[in-house]
Every structure is written in C-alpha cells, then in structure tokens.
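Observations on the three-dimensional arrangement
Read off the chains here:
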Amino acid sequence: MSTQPPDRPEVVAHRGASATAPEHTLAAYRQAVALGADAVECDVRMTRDGVLVCVHDRRIHRTSTGRGVVSALDLAELEQYQVVHRRPRGARRAAAPAAAPVLGEDDDLESDDVEADEDAGRVLTLDRLLDYATSSPGRVRLAIETKHPTRHAGQVEVALLAALQRFGLLTGGRPLEWSGRSAVRVMSFSPTALRRVRLLAPELPTVQLIGQVRPWMSAQRPRPTGRVVGPSLALLRQHPTLVARLHRAGAQVHVWVVNEPEDMRFVLSLGVDAVITDEPARLLHLLGRGGPSAPTDA
C-alpha cells in the first residue's frame, strides 16, 4: 500500500521558481511562494570563511558575473559579483522557458543570454533564505541539500543545523512542524552526510538522493537507509516499479527534476510523494491547483 497521504504529491520548487527567475534568489523563492508551491528546494555550500550560501555548482561562473570555487572564496569576495540568469546555448526563449539542463563547468554560455538579477543582487546566504521562509505568509516548507564532496566536510551539516536552531526551525533535535508536517528536511547524495544529520538531530527528516542504481534496489522489498528516497526522473524511467517497492518498504519517494508535462504525468501515475520541479506553475496547473496565470500547455 502506498504511504502517500491524500494531499500528496507535494510540489517542490527547485531552487525556487528557477525556470523563470534566477535560481537561488529571493526573487525565485518569492515567485514559488506566490504560485502556491508546498516547499522550496535549495542547495548549500560553505564559503572559505564558514558561511553557508545557496549555490548549486562548485564554481560560480554559471550563476554570477564572477569566477572561482565557492569553498575557496570568502563571503565578501562572493558578494562582489552579481547574480545572473543564464540560459544554455539553444534554449527556447518563451515567456516561461523550460528549465535549463545542468551545465558542466566548461559548457559555453551565450553572452546575450545573461540577465542580472537586480532585485536579489548578490549571492543568497542561507540565513537570508531562512529569514524569508520563517516570516513569509503560508509557511512554505524547506528542502535543503548539502553538497559534497567539499573541503569543509562535516562542518556543512553542523553549520546547517545551527542555522536551523537560530531561526527556530529545530529545537532539541526536533524540527518545527507546520500543519502537522516538518517545516524542513535535509537532502544529500552523501550517505555519510545524512548519517551525520541523523546523529545530531535524529528527528529531522532526511532524503537520500540517488541518480543511479544502488545494490539495495535489486531486492523485491528494498531496505533504504532512510525513510525518504529521492531518485532522479531518469532513474524512475528506467525502473518505474521502484516507487511501489519503496512504498511497500515504508519509504516515501521524492523525484527530481521534473519539468515537462509528459514527465509530470508519468511520475504522478507512479504515486510519488513529492515532485521537485523548476516549473511549479506548470505542475500546480496539472494538479488543478494553478491560478489564472498558470501555463496552459500542461
């Protein structure tokens, strides 16, 4: 039997509403909240001087006017650069463009496809995002991914939990609940990072992200290490029975990153518990939850 509650699936805005606003900016997160997303996702990395910032890539050149490695730069150095909205070469230029594919560090970008985020301006710190999330109406939930490997190793999770405590999202190892559900969860591809989180805050939900077949997946009744597993869309396309098997094992399934209507219908048909998407308006519309501004191609 599926573990899926009646109000599922949860719509999670990937790096905010990142198809139409620069990723990891307050503009993207405000847009996601305004659209009615259930949760927002962010990635965190630690700067050289120990500050957690919302940046996906190891290097900053794709999402800012600067260059360099996040962990080798102080926050003051990162703040010298402007956040930009880049689209990969050949991306469609519709009013609500599809999400850009993840780029490698050396992928070319068209110079005329660089759009400065004048509202957000500089790199978004995790503290600024938490301040917004805890003061915004609607109390949108947070899915925070810690990026590894990094020279800072376990300091990332320690600093993250300390930040959650400062903003009242974690008390005595227990997460704050909104409407009976945890207001925050921690995701990672690193099992070690998630074990560290569970050791320091046993009741804080964790999500084991996976992008390829794992040995435990071959069992008829897999035994995942956590209660929530986050497979990629590509992995579910290859192994669509995985969702049902994980549900039978008592785990929830949070799939990433799902942007096209056909793919949305596919993962919804599997009964996933959460869908992480750059296109929250499109998914909300497909679920019958979209407002008047929702796209009509879904």
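All of the points below concern the structure found in this document.

1. A word on the pairing of strand β2 (residues 39-46)
Most of β2 sits inside the fold, with 8 of its 8 residues counted as buried. Taking every second residue as pointing to the same face, both faces of β2 are buried, with Ala39, Glu41, Asp43 and Arg45 on one and Val40, Cys42, Val44 and Met46 on the other. Assessed by its sense of winding, the connection that carries the chain from strand β1 (residues 10-14) through helix α1 (residues 26-35) to β2 is right-handed. Sheet analysis places β2 next to strand β3 (residues 52-53), joined by 2 bridges and oriented antiparallel. Within β3, the residue paired with Met46 across the bridge is Leu52. Two successive antiparallel strands, β2 and β3, enclose a turn made up of 5 residues, where Gly50 displays a positive phi of approximately 85°.

2. Notes on the packing of α1 against helix α3 (residues 126-135)
Put simply, α1 and α3 touch, their axes get as near as 11 Å, and they point 25° apart. As the angle between them shows, α1 and α3 are arranged roughly parallel. Judged by the sense of rotation from one axis to the other, the crossing of α1 with α3 is right-handed. Seen from α1, the contacting residues are Leu26, Tyr29, Arg30 and Val33; seen from α3, they are Arg128, Leu129 and Tyr132. Partitioning the contact of α1 with α3 into residue classes produces 5 nonpolar, no polar and 2 charged.

3. Overview of the nonpolar core
Within the largest apolar cluster, 37 residues are counted, with the highest numbers of intra-cluster contacts made by Leu126, Leu142, Ile144, Leu164 and Leu204. Mapped by element, the contributors of at least two residues to this core are α1, β2, α3, β6 (141-146), α4 (155-166), β11 (184-188) and α5 (191-200). Aside from chain neighbours lying at most four places away, what touches Leu142 is Val40, Leu129, Leu130, Ala133, Leu169, Ala183, Val184 and Arg185. Counting residues in hydrophobic clusters, the runner-up holds 20 residues, among them Val11, Val243, Val255 and Val258.

4. Here's the deal with the packing of aromatic side chains
Using the criterion set out here, one finds 1 aromatic pair in the structure. Pairing Phe189 with Trp256 gives two aromatic rings, centres 5.5 Å apart and planes at 90°, and the pair type is edge-to-face. One end of the pair, Phe189, is in the loop between β11 and α5; the other, Trp256, is in the loop between β14 (252-255) and α8 (261-270), with 67 residues separating them in the sequence. When its relative accessible area of 36% is taken as the criterion, Phe189 is described as partly exposed. Assessed through its relative accessible area of 23%, Trp256 is described here as partly exposed. The residue whose ring lies beneath Arg30 is Tyr132, and the NZ or CZ to ring-centre distance is 6.0 Å. Residue placement shows Arg237 over the ring face of Phe266; its charged tip is 4.0 Å from the ring centre.

The rules behind these values
- Residues numbered from 1 in each chain as written.
- Predicted model: local features only at pLDDT ≥ 70, side-chain atom pairs only at ≥ 80, totals over all residues.
- Heavy atoms only, no water.
- Buried < 20%, exposed > 50% of the residue type's maximum accessible area, 1.4 Å probe, protein only.
- Helix = DSSP H or I, 4+ residues; strand = E, 2+ residues; numbered from the N terminus.
- Right-handed = clockwise from strand over helix to strand, strands pointing away.
- Pairing = 2+ DSSP bridges.
- Axes fitted to C-alpha atoms, helices over the stretch in contact; angles between N-to-C directions.
- Parallel < 35°, antiparallel > 145°, perpendicular 65-115°, else oblique.
- Left-handed = near helix turned anticlockwise from the far one by under 90°.
- Contact = heavy atoms within 4.5 Å.
- Nonpolar A, V, L, I, M, F, W, Y, C, P; charged D, E, K, R; others polar.
- Core = buried A, V, L, I, M, F, W, Y, C linked by side-chain atoms within 4.5 Å.
- Phe/Tyr/Trp six-rings, centres within 6.5 Å; stacked < 30°, edge-to-face > 60°.
- Lys NZ or Arg CZ within 6 Å of the ring centre and 35° of its normal.

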